[in-house]
Amino acid sequence: MSEKNNEIEKKEPVKSFTEEAKEKASEIKEETKEILENAKEKISETFSEENIEMVKQKAGEYTEVAKEKAAEFMDDAKDAFGDISEKGSELAGEAAEHLVDFAEDAKEEIKEVTGKAKNFFQRLFSK
């Protein structure tokens, strides 16, 4: 009989361990359910229609601001392009004047050099 008593004693701790594990698993299951319910509530709050509308409204506002800033930038760019074009025209005009002056100076220099060369050759060949 002592063998049967030993077997019973051995089975009882296993049985109590199994019951304890079941209780712990049940507690964990309940806690997990509570956590999931809380998470569902938070997600529902986050994605509520009111919040979604608020996000859409803010996105619309930012879009309008971006459009205004882009329009201002375009106006500034047009003004800058106009200024650059005007300055470019002025520079081109000045360059043209300088080229005319340079051409006139070059023409005079050529006449002078031609005259000197003519005189040089006349003196060289007249002797």
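Predicted, not measured: the structure shown is a model, and the values here were computed from it.

**Considering the overall build of the protein**
When helices and strands are tallied, the protein shows 2 helices and 0 strands. When each of the 127 residues of the protein is scored for burial, the buried share is 0%. With an accessible surface of roughly 12,200 Å², the protein has 59% of that area assigned to carbon and sulfur atoms.

**Some thoughts on the pattern of salt bridges**
In total, this model carries 6 salt bridges according to the counting rule given. Measuring nitrogen to oxygen at the nearest pair gives 3.9 Å for the salt bridge that ties E30 to K33. Separated by 3 residues within a single helix, E30 and K33 lie in helix 1 (residues 2-46), roughly one turn from each other. Since its relative accessible area comes to 41%, E30 is described here as partly exposed.

**Some remarks on the packing of aromatic side chains**
A complete count under the given rule lists 2 aromatic pairs for this structure. When the centroid spacing of 5.6 Å and the interplanar angle of 65 degrees are considered together, the rings of F120 and F121 count as edge-to-face. Each ring, one from F121 and one from F125, has its centre 6.2 Å from the other, and the planes form 15 degrees; the classification is stacked. Placement of the pair is F121 and F125 together in helix 2 (residues 49-126), with a separation of 4 residues, close to one helical turn. The partly exposed category is assigned to F121, whose relative accessible area is 44%. Members of the aromatic cluster, joined through ring pairs, are F120, F121 and F125.

Conventions and cut-offs
- Residues numbered from 1 in each chain as written.
- Predicted model: local features only at pLDDT ≥ 70, side-chain atom pairs only at ≥ 80, totals over all residues.
- Heavy atoms only, no water.
- Helix = DSSP H or I, 4+ residues; strand = E, 2+ residues; numbered from the N terminus.
- Buried < 20%, exposed > 50% of the residue type's maximum accessible area, 1.4 Å probe, protein only.
- Areas by Shrake-Rupley, 256 points an atom, 1.4 Å probe, with all protein chains shown as cover.
- Salt bridge = Lys/Arg side-chain N within 4 Å of Asp/Glu carboxyl O.
- Phe/Tyr/Trp six-rings, centres within 6.5 Å; stacked < 30°, edge-to-face > 60°.

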